[in-house]
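Residue-level listing of the chains:
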Amino acid sequence: MSVLPLVFTSGWASGINAYAVVLLLGIFGATGLSDDVPESLQRPEILITAGVLFLCEAVADKIPYVDSVWDSVHTVIRPAAGAWVGALLAGQSGSLSDLAAGAIGGSTALASHTVKAGTRMAINTSPEPFSNLVMSTAEDLGVAGILTFAMFHPEAAAIIAGVLLLAGLLALFFLISRIRRFLRRRAQRREERRLAERVGQPSD
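The model shown is predicted, which means the values in this text are computed figures rather than measured ones.

Engineer: So what exactly am I meant to see when it comes to the nonpolar core here?
Structural biologist: As a rule of thumb, nonpolar side chains are buried together in soluble globular proteins. Ranked by size, the top nonpolar core spans 30 residues in total, and within it Trp 12, Leu 25 and Phe 28 carry the most contacts. Only helix 1 (4–30), helix 2 (44–60), helix 3 (66–93), helix 4 (98–123), helix 5 (130–152) and helix 6 (154–174) provide two or more residues apiece to this core. The biggest single contributor to this core is helix 1, with 12 residues. Those residues in contact with Leu 25 that lie beyond four places of it in its chain are Val 37, Leu 41, Val 85, Leu 147 and Met 151.

Next comes the structure, spelled out in structure tokens:
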């Protein structure tokens, strides 16, 4: 069976929470739940590192504005993780070239990361802080649920991930105006800070 559906699903999930993907896949392989997980993802140091970073993301991802900063930092990390995991999965199965799997996993992760980061920018325009908590929790549960489902039904999980990705891209298209307002507001705040610092500086 081709590993392509699992590569696609893991790429989509990596764009949302790359550390959760590495941690879950490593656990699935270490416990014998899946034979498609390469041994490099099952190494204790990889699992510990992914677990610590997952906990950091679980906190940062639920705090307004901090989540957007975290997303900005991970613009490169998540697609790179998706490509890395995809290439490893392909190398384990031998049914898909590492290069093709890396491209699929990386591009899918980039697309889902764009949806996640853009959606968070739109949510941060709301004055109440609870939307971030709800959205972050839903994302964590979604990644865990669909990735686990992919271990038993990879094709069905890939279809679900594809539908969610498409729906997210469409929603992001309609949220662009709200995101632009958020970016203008953030730029204005930075400019106000600069002006305040200049006013506060003692004159020579």
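Here the narrative resumes, following the displayed structure.
Engineer: Is there a simple way to think about the pattern of salt bridges in this case?
Structural biologist: Pairing between side chains becomes possible if they bear opposite charge and their charged atoms approach one another. Enumeration according to the criterion identifies 10 salt bridges in this entry. Two residues, Arg 120 and Asp 61, come together in a salt bridge whose shortest N-O distance is 2.9 Å. Remark: Asp 61 occurs in the loop between helix 2 and helix 3 and Arg 120 occurs in helix 4; sequence separation between them is 59 residues. Overall, the relative accessible area of 2% leaves Asp 61 in the buried class. The shortest N-O distance in the salt bridge between Arg 120 and Asp 67 comes to 3.0 Å. Residue Arg 120 is found in helix 4, and its partner Asp 67 is found in helix 3; the two are separated by 53 residues along the sequence. According to the relative accessible area criterion, Arg 120 is buried, its value standing at 0%. Accessibility expressed as a relative area gives 0% for Asp 67, which makes it buried. Overlapping salt bridges, with partners in common, bring together Asp 61, Asp 67, Lys 116, Arg 120 and Glu 139 in one network.

Engineer: Sorry if this is basic, but what is going on with a positive patch on the surface here?
Structural biologist: Residues Arg 178, Arg 180, Arg 181, Arg 184, Arg 185, Arg 189, Arg 190 and Arg 193 make up a contiguous surface patch of positive charge. Its place among the elements puts Arg 181 in helix 7 (residues 176–200). Given the relative accessible area of 43%, Arg 181 is considered partly exposed.

Engineer: Just checking my understanding: could you explain the side chain of His 74 for this structure?
Structural biologist: By the secondary structure assignment, His 74 is in helix 3. When its relative accessible area of 3% is taken as the criterion, His 74 is described as buried. Of the polar contacts made by the side chain of His 74, one reaches the side chain of Tyr 19; its length is 2.8 Å. Not counting residues up to four positions away in its chain, the partners in contact with His 74 are Tyr 19, Glu 57, Pro 79 and His 113.

Engineer: Sorry if this is basic, but what is going on with unusual backbone geometry here?
Structural biologist: Peptide bonds are trans in most cases, and residues, glycine excluded, mostly fall at negative phi. Unlike most non-glycine residues, Tyr 65 shows phi in positive territory, near 70°. Mapped onto the elements of the fold, Tyr 65 is located in the loop between helix 2 and helix 3.

About the criteria used
Residues numbered from 1 in each chain as written. Predicted model: local features only at pLDDT ≥ 70, side-chain atom pairs only at ≥ 80, totals over all residues. Heavy atoms only, no water. Core = buried A, V, L, I, M, F, W, Y, C linked by side-chain atoms within 4.5 Å. Buried < 20%, exposed > 50% of the residue type's maximum accessible area, 1.4 Å probe, protein only. Helix = DSSP H or I, 4+ residues; strand = E, 2+ residues; numbered from the N terminus. Contact = heavy atoms within 4.5 Å. Salt bridge = Lys/Arg side-chain N within 4 Å of Asp/Glu carboxyl O. Patch = residues over 30% accessible without salt bridge, like charges linked within 9 Å, V, L, I, M, F, W, Y side chains within 5 Å. Areas by Shrake-Rupley, 256 points an atom, 1.4 Å probe, with all protein chains shown as cover. Lys, Arg positive; Asp, Glu negative; His and termini not counted. Charge placed at Lys NZ, Arg CZ, Asp CG, Glu CD. Polar contact = N/O pair within 3.5 Å; in protein donor to acceptor, adjacent residues only side chain to side chain.

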